[in-house]
Amino acid sequence: MTSSSNLTNNRERQFRSLALLTVIIVYLLVLAGGIVRGTGSGMGCPDWPKCFGQWIPPTDASQLPANYQQLYGAKLKGEVEFNAVKTWIEYVNRLLGVLSGLFVFATLVASFPYLRKDKPVFWGSVAAFVLIGLNGWLGSRVVATELAHYMITLHLFLAVLVVFALLFVYVRASAANWQIPLPGAGKKSLNGLVVVTIILSLGQVLLGTQVREALDEVVKQLGYNQRAEWINNLDWRFYIHRSFSLIVFGLHVAVISKVRSISKAGVLPSLTILLILTVLAEIGTGAIMGYFEVPAAAQPIHLFLAIIMIGVQFMIWLLINPALSSSKLAVHKLSLQTT
């Protein structure tokens, strides 16, 4: 019996490690997507799934047909200019997409034992697999539509849903092993506050994509030689996005204060520390872009931090709702811990 129990515990531990690794890889994919956008590499590979008709993209224009501009420009209704750096940035992004898909599939396969003991873990894995497959297809549509802004935004928000599904799986499979005090009388207000924070944070990210769209238009008009004038030529969306960050920051301060009033030890306080550090870094990278001529390196980091921030919010929301984050057995164990 002990040997069987140890085997089960080892398998559950391995599953949790796999789920966490999968979350990390998907986050790296989000970062890679931000780098693609920030460096203007979205059309580095003008076709899909191949890149310039090859499974391994070229490193020099001499490896392409002489009429490659006409060939791929006609296919995509636009001009194509080969740039080895941009091509390989986009190609690495695609490789990470494939890798993340494989890890999500591995998580799904490893979740089958949960069908008998905690079905939400399995169905969360299914949701992650379906969503990442859909997002892979959407990535092909981003190329086909020549980086249509609405497609890029949909691509990003579908990636957020993938992160949510995987975090649900990871938290649900791990909660029984964490110290999580159950919220008392203040649970309802805390729950509402966290939900509002998540919604407004997602709205802030959406507004950020609109600012990025406006920035693209400014760059087209002024060119890279006028980088110092980019911010001054942005429209109202930039100023609302910048001002709204203060509201989002205030909401996070309120969330962190309420969460830490529940407990000063365990996973929840640790998540609040990660959350406040992420929020401060997010605001910092936004300020760097606003006051230091939008350095290219800051753009993907700004987006990456935003998705981390929303992921941590989502984890906190799950953990303050044991019916979502824990099986009935785990909820019972948590109740015993707090009595």
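These numbers were taken from a predicted model, which means no experiment stands behind them.

Is there a simple way to explain the packing of aromatic side chains in this structure?
Here the distance between the centres and the angle between the planes together describe a pair of aromatic rings. Summed over all chains, the structure comprises 12 aromatic pairs. Considering the side-chain rings of Phe52 and Phe82, the 5.5 Å spacing of their centres and the 75 degrees angle between planes classify their relative orientation as edge-to-face. Separated by 30 residues along the polypeptide, Phe52 in the loop between helix 1 (2–38) and helix 2 (68–76) and Phe82 in the loop between helix 2 and helix 3 (84–110) bring together distant segments of the chain. Taking 5.7 Å as the distance between ring centres and 65 degrees as the angle between the ring planes, the aromatic pair formed by Tyr170 and Trp178 counts as edge-to-face. Across the pair, Trp178 and Tyr170 agree in class, each one buried. Among the aromatic residues, those joined into a cluster by ring pairs are Phe52, Tyr68 and Phe82. Between Lys117 and the ring centre of Tyr114, over which it is positioned, the NZ or CZ distance is 4.6 Å.

Help me understand helix 6 (residues 149–174) in this model?
Each full turn of the α-helix corresponds to 3.6 residues, which orients residues three or four apart in the same direction. Taking 1.5 Å of rise per residue, the 26 residues of helix 6 would be expected to cover 38 Å, and the 38 Å separating its terminal C-alpha atoms lies within 8% of that figure. For helix 6, the buried fraction is high: 20 of the 26 residues fall into the buried class.

Whenever I open this one, the environment of Phe238 confuses me. Can you help?
Assignment of secondary structure puts Phe238 in helix 8 (residues 236–262). Excluding its chain neighbours within four sequence positions, the residues that come into contact with Phe238 are Val211 and Ile231.

Please explain helix 3 as it appears in this structure.
A rise of 1.5 Å per residue sets the reference length of helix 3, with its 27 residues, at 39 Å; its end C-alpha atoms lie 39 Å apart and thus fit the reference within 8%. Those residues of helix 3 not exposed but buried are Thr87, Glu90, Tyr91, Asn93, Arg94, Leu96, Ser100, Val104, Thr107 and Leu108. Sitting at the head of helix 3, Asn83 places a side-chain oxygen 3.0 Å from the backbone nitrogen of Val85.

Before we go on, may I ask you to explain the state of the cysteines in this structure?
Disulfides are covalent bonds that link the sulfur atoms of two cysteine residues. Applying the stated rule across the entire model yields 1 disulfide. Each sulfur in the disulfide pair Cys45 and Cys51 lies 2.1 Å from the other. Taking the torsion about the sulfur-sulfur bond, which here is approximately -85 degrees, the covalent link between Cys45 and Cys51 counts as left-handed. The same class applies to Cys45 as to Cys51, namely buried.

So what exactly am I meant to see when it comes to unusual backbone geometry here?
Among all residues except glycine, the phi angle is most often negative; among peptide bonds, the trans geometry is most common. In the segment running from Trp48 into Pro49, the intervening peptide bond is cis, with an omega of 5 degrees. With respect to the helices and strands, Pro49 occurs in the loop between helix 1 and helix 2. Located in the positive-phi region is Phe52, a residue other than glycine, with phi close to 55 degrees. Even without being a glycine, Val294 presents a positive backbone phi close to 50 degrees. Tracing the sequence through the fold places Val294 in the loop between helix 9 (267–291) and helix 10 (298–319). Exposure remark for Val294: the relative accessible area of 2% places this residue in the buried category.

Explain the pattern of salt bridges to me, please; I cannot follow it from the model alone.
For side chains of opposite charge, pairing can occur when their charged atoms come near one another. Counted under the stated rule, the structure contains 7 salt bridges. Across the pair Asp118 and Arg172 runs a salt bridge whose closest N-O atoms are separated by 2.8 Å. With Asp118 in the loop between helix 4 (114–117) and helix 5 (119–144) and Arg172 in helix 6, this pair connects stretches of sequence that are 54 residues apart. Arg172 shares its class with Asp118; the two are buried. Residue Arg212 pairs with Asp216 through a salt bridge whose shortest N-O separation is 3.1 Å. Of the two residues, Arg212 and Asp216 both sit in helix 7 (residues 187–222), 4 residues apart, roughly one turn of that helix. Each of Arg37, Arg212 and Asp216 takes part in one network of salt bridges that share partners.

What exactly am I supposed to notice about the packing of helix 6 against helix 7 here?
Running from N to C, helix 6 and helix 7 point in directions that differ by 150 degrees, and their axes come no closer than 11 Å. On the basis of the axis angle, helix 6 is roughly antiparallel to helix 7. Viewed along their axes, helix 6 and helix 7 form a crossing whose handedness is right-handed. Only Leu202, Val205, Leu206, Thr209, Glu213, Asp216 and Glu217 of helix 7 make contact with helix 6, whose side of the interface consists of His149, Thr153, Leu156, Phe157 and Val160. Of the residues assigned to the contact of helix 6 with helix 7, the class counts are 6 nonpolar, 3 polar and 3 charged.

Honestly, the nonpolar core in this entry has me stumped. Any pointers?
If you look at soluble globular proteins, the nonpolar side chains tend to sit buried side by side. Counting residues in each nonpolar core, the largest one holds 62 residues, and the members touching the most others are Tyr27, Trp178, Ile316 and Leu319. Mapped by element, the contributors of at least two residues to this core are helix 1, helix 5, helix 6, helix 7, helix 8, helix 9 and helix 10. With 17 residues, helix 6 is the single largest residue contributor to this core. What Ile316 contacts, discounting residues up to four positions off in sequence, is Val194, Val259, Leu268, Leu271 and Leu275.

Sorry, what's going on with the confidence of the model for the protein chain here?
Low-pLDDT stretches of the model should not have their predicted coordinates read in fine detail. The share of residues in the protein chain with pLDDT of 70 or more is 91%, and the mean pLDDT across the chain is 85. Low pLDDT, under 50, characterises residues 334–339; the predicted model gives this stretch 10 contacts beyond four residues in sequence or across chains.

What counts and how
- Residues numbered from 1 in each chain as written.
- Predicted model: local features only at pLDDT ≥ 70, side-chain atom pairs only at ≥ 80, totals over all residues.
- Heavy atoms only, no water.
- Phe/Tyr/Trp six-rings, centres within 6.5 Å; stacked < 30°, edge-to-face > 60°.
- Helix = DSSP H or I, 4+ residues; strand = E, 2+ residues; numbered from the N terminus.
- Buried < 20%, exposed > 50% of the residue type's maximum accessible area, 1.4 Å probe, protein only.
- Lys NZ or Arg CZ within 6 Å of the ring centre and 35° of its normal.
- Expected span 1.5 Å × (residues − 1).
- Contact = heavy atoms within 4.5 Å.
- Polar contact = N/O pair within 3.5 Å; in protein donor to acceptor, adjacent residues only side chain to side chain.
- Disulfide = S-S within 2.5 Å.
- Salt bridge = Lys/Arg side-chain N within 4 Å of Asp/Glu carboxyl O.
- Axes fitted to C-alpha atoms, helices over the stretch in contact; angles between N-to-C directions.
- Parallel < 35°, antiparallel > 145°, perpendicular 65-115°, else oblique.
- Left-handed = near helix turned anticlockwise from the far one by under 90°.
- Nonpolar A, V, L, I, M, F, W, Y, C, P; charged D, E, K, R; others polar.
- Core = buried A, V, L, I, M, F, W, Y, C linked by side-chain atoms within 4.5 Å.
- pLDDT = per-residue confidence, 0-100.

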